[in-house]
Amino acid sequence: MVKVTVCGAAGGIGQPLSLLLKLNPAVSELALFDIVNAKGVAADLSHINTPAVVTGHQPANKEDKTAIVDALKGTDLVVIPAGVPRKPGMTRADLFNINASIIRDLVANIGRTAPNAAILIISNPVNATVPIAAEVLKKLGVFNPGKLFGVTTLDSVRAETFLGELINVNPSQLQGRISVVGGHSGDTIVPLINVTPDVSAKVANISKADYDKFVNRVQFGGDEVVKAKNGAGSATLSMAYAGYRFAAGVLNSLGGASTSSSGVPDSSYVYLPGVPGGKEFSAKYLNGVDFFSVPIVLENGVIKSFINPFEHMKITQKEQELVKVALGGLEKSIEQGTNFVKGSK
Ligand code: NAI
């Protein structure tokens, strides 16, 4: 019996993500929360012949707190794709002003109503919204770092797709053989492609120009979608797939499955000092940066361990340099997110 709540369920990501969750047989209840149209989306999905009972929760007005409380009561996992997406010319950081308070308020509700739930944050800028969530939960005295996940899976999905195109390999076979670490925006995103010998043989033949193009495309691939949608938002369908892939991993682990069975597991942007060995890892390799996306191993919905890319993988000089650049950007975003909550009442 697993209850999943989606906050922002009526949006471009929220709707297809909720559809995928409705199809997962492990989900017994799917609560959809949004400030608009949550009931409509819930009614629609509720006609699909799978076991999950779908409920829609939409506040009647700004003061109405019952909808969010009902959506969160007893939930095991909350996925948050709530907030505004990018328009052409915007960076993810430009979204901070609007999305920071949306995340702060939603996570405060989770902390009060469902303090044991796993929280998956999709809303951008992830590099800052996850530190916001951590700070809010700390303030409430319910922060469990093993259950707070910044969803960076789309970067892995893109890296698998673009590398597959480059080395002529079915991209679905590259899951677990390439890792993306760092953060989730521009040059904070660091693809590491030298994971397994079979892939690295083909990778060795990639020209420097093609490699640079590949890295740039993984880092800025989101811009291609924003530009093509021309004002109608950012990635929604590929994001719903990626968000579902990560959520399904958490659901599987709740059901007792290990996430480390095939290759390297998906990465997530997590609070390292709260993960076993994370503080030492950060001090040794990341100049003490607290939040970083690393491949994580889950057990029962909680981070059990992570894979240290610097020891587990053959990191090249170029990749080392990419990590260094990423750390600079991350430090600023983490500080921005943390200060936002510290300055809030
Ligand atoms: P959208 O505008 O289509 O949907 C957002 C939904 O959130 C809307 O239905 C809106 O009513 C709802 N919402 C707004 N305030 C809310 C609140 N206080 N409580 C509950 N719901 C609320 O946007 P889209 O395209 O679905 O993107 C959502 C977020 O996901 C954006 O911040 C976007 O930047 C981010 N994103 C993250 C990615 C990642 O890789 N982590 C990839 C793509 C987008």
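Residues numbered from 1 in each chain as written. Predicted model: local features only at pLDDT ≥ 70, side-chain atom pairs only at ≥ 80, totals over all residues. Heavy atoms only, no water.

(A) Region of the structure containing the packing of helix α4 (residues 96–113) against helix α12 (residues 317–342). Close contact between α4 and α12 brings their axes to 11 Å; oriented N to C, the two are set at 55°. Relative to α12, the element α4 lies oblique. Considering only the axes of α4 and α12, their crossing is right-handed. Only Gln 336, Gly 337 and Phe 340 of α12 make contact with α4, whose side of the interface consists of Phe 96, Ala 100, Ser 101 and Arg 104. Broken down by class, the residue content of the contact of α4 with α12 amounts to three nonpolar, three polar and one charged. (Axes fitted to C-alpha atoms, helices over the stretch in contact; angles between N-to-C directions. Helix = DSSP H or I, 4+ residues; strand = E, 2+ residues; numbered from the N terminus. Parallel < 35°, antiparallel > 145°, perpendicular 65-115°, else oblique. Left-handed = near helix turned anticlockwise from the far one by under 90°. Contact = heavy atoms within 4.5 Å. Nonpolar A, V, L, I, M, F, W, Y, C, P; charged D, E, K, R; others polar.)

(B) Looking closely at the site of the ligand. The environment of the ligand is formed by 29 residues, the closest being Gly 12, Ile 13, Asp 34, Val 84 and His 184. Contact between the ligand and Gly 12: an oxygen atom at 2.8 Å from a main-chain N or O atom of the residue. For the ligand, whose free accessible area comes to 870 Å², the fraction covered by protein is 86%. Residues that form the shell around the ligand fall into these classes: 18 nonpolar, ten polar and one charged. (Near = heavy atom within 4 Å. Polar contact = N/O pair within 3.5 Å; in protein donor to acceptor, adjacent residues only side chain to side chain. Areas by Shrake-Rupley, 256 points an atom, 1.4 Å probe, with all protein chains shown as cover.)

(C) Structural context of the packing of aromatic side chains. Applying the stated criterion to the full structure yields nine aromatic pairs. Judged by centre distance (5.5 Å) and plane angle (55°), the ring pair of Phe 143 and Tyr 271 falls under tilted. Taken together, the residues Phe 143 in the loop between α5 (126–140) and β6 (148–150) and Tyr 271 in strand β9 (residues 267–271) connect sequence positions 128 residues apart. Across this residue pair, the class does not change: Phe 143 and Tyr 271 are buried. Each ring, one from Phe 281 and one from Phe 310, has its centre 6.1 Å from the other, and the planes form 45°; the classification is tilted. (Phe/Tyr/Trp six-rings, centres within 6.5 Å; stacked < 30°, edge-to-face > 60°. Buried < 20%, exposed > 50% of the residue type's maximum accessible area, 1.4 Å probe, protein only.)

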